[in-house]
Structure formats: structure tokens, C-alpha cells
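# Coordinate inspection notes
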Amino acid sequence: MTPHEIVRILQERFGGKITLALPDDRHPRVHVDAGDWRSVAEFVFREPALQLDWLQCLSGVDYVADNKMACVYDLWSFENRHALAIKVFTPRDTPSIPSVADLWPAADWHEREAFDMFGIDFPGHPDLRRILCADDWEGFPLRKDYQFPREYHGIPASVELDWQHKPDYPG
């Protein structure tokens with residue numbers, strides 16, 4: 001099935017909940033808001049014509065200028081041999097996207113990484129906690145406005161950080 005056919009099925013089923021459709025893009029995808037994600041996820045997973053049964057990747061994105069965050073879910077169907085990405089948007093000040101770890105087991109670790117690096121909450125996740133940073137780490141390192149600490153528990157940061165803290169650093 002082509003991305004156009006997949007998008008048509010999604011638009012027929014969900015109408016305006018598909019906020020943007022880009023089937024001709026180099027990364028064919030649809031956009032949805034976090035509040036609509038769970039129903040879309042269950043549909044693309046269970047609908048026999050789509051059967052997007054493999055989560056290839058989940059990537060967090062920080063749109064600081066738009067005060068939004070997103071997760072991009074790259075999905076593949078082993079049965080039907082097609083793919084589509086779904087980009088799920090959430091407000092940046094309270095980022096929250098329903099967990100899909102029960103549908104795609106790979107989401108377990110991917111959601112933990114997005115939580116750790118971006119601060120996105122995943123309600124319904126079975127064990128949402130940091131996966132890369134220490135439990136007492138402050139902040140979320142992949143947010144665009146993150147300032148790397150000068151030291152952690154007395155361990156100095158790299159001197160290579162000095163260029164980031166200069167006033168002429170393109171921010």
C-alpha cells in the first residue's frame with residue numbers, strides 16, 4: 001500500500017484529527033495531537049489493511065519557537081510491507097503523550113529515552129524513569145534551551161563547554 005492509500009484510510013477514519021498529511025514527503029507522515037494519539041495508534045496497529053506492527057523508531061523533537069514538542073513514530077508492517085510515520089504534538093510546557101508500550105514493546109525504552117532527554121511524560125507507561133541520565137540529573141539535555149551544567153557532584157564538565165557560554169554563541 002502506498003503512503004497515499006494509508007493516509008486516505010486514516011483521513012476517512014479520523015477526519016480532522018489528522019492535522020496534516022504529507023504522503024509525498026521524503027518522510028511520509030501524518031500529524032496528530034497527543035489527545036488523539038492513542039486511538040490512532042490502536043487503529044494503525046489493529047486494522048488489517050494497515051497492520052503497522054513494528055515500531056522502528058521513536059524520536060523526540062523540541063519546537064521551542066512554537067512552544068511545542070513532538071514524538072515521531074516510524075512504523076512498518078511486516079505483513080503488508082509498507083511504512084508510515086506519525087508525528088504526535090504536545091504543548092512544551094506540559095509535554096504528555098499517551099504510552100503505546102503495550103502495543104509496540106520497543107516503545108518501552110524509546111519512551112523512557114524521550115522522557116529522560118526531553119521531559120515528555122508518557123501516561124500509561126509501565127516503568128517511566130530515566131534511562132540515560134542519573135536519577136538526580138536536573139533538566140532535559142536535548143531541549144534546545146538546555147544549559148549543560150558546569151559540574152555534576154563535584155565532577156567538572158569539559159572545557160569544551162566554554163564556547164557555549166560566550167555571549168557571541170549563536171543561540
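Structure's up top.
The structure reproduced in this document is the subject of the present report. (Residues numbered from 1 in each chain as written. Predicted model: local features only at pLDDT ≥ 70, side-chain atom pairs only at ≥ 80, totals over all residues. Heavy atoms only, no water.)

Membership of the largest hydrophobic core comes to 39 residues, with the highest contact counts inside it found for L10, W37, V44, Y73, I86, I97 and W104. Taken together, the elements giving at least two residues each to this core come down to α1 (3-14), β2 (29-33), α2 (34-46), β3 (54-63), β4 (68-77), β5 (82-91) and α3 (107-118). (Core = buried A, V, L, I, M, F, W, Y, C linked by side-chain atoms within 4.5 Å. Buried < 20%, exposed > 50% of the residue type's maximum accessible area, 1.4 Å probe, protein only. Helix = DSSP H or I, 4+ residues; strand = E, 2+ residues; numbered from the N terminus.)

Attention shifts here to the packing of aromatic side chains. Following the criterion strictly, the structure yields six aromatic pairs and no others. Arranged with centres 5.4 Å apart and planes meeting at 85°, the rings of F14 and F43 form a pair that is edge-to-face. Of this pair, F14 sits in helix α1 while F43 sits in helix α2, and the two are 29 residues apart along the sequence. Taking relative accessible area as the criterion, F14 reaches 8% and is therefore assigned buried. Given the relative accessible area of 14%, F43 is considered buried. Three or more aromatic residues joined by ring pairs form one cluster here, namely W37, F45, Y73 and W104. Its end group placed over the ring of F14, R13 keeps NZ or CZ at 4.9 Å from the ring centre. Above the ring of W109, the side-chain terminus of R112 is found at 5.5 Å from the ring centroid. (Phe/Tyr/Trp six-rings, centres within 6.5 Å; stacked < 30°, edge-to-face > 60°. Lys NZ or Arg CZ within 6 Å of the ring centre and 35° of its normal.)

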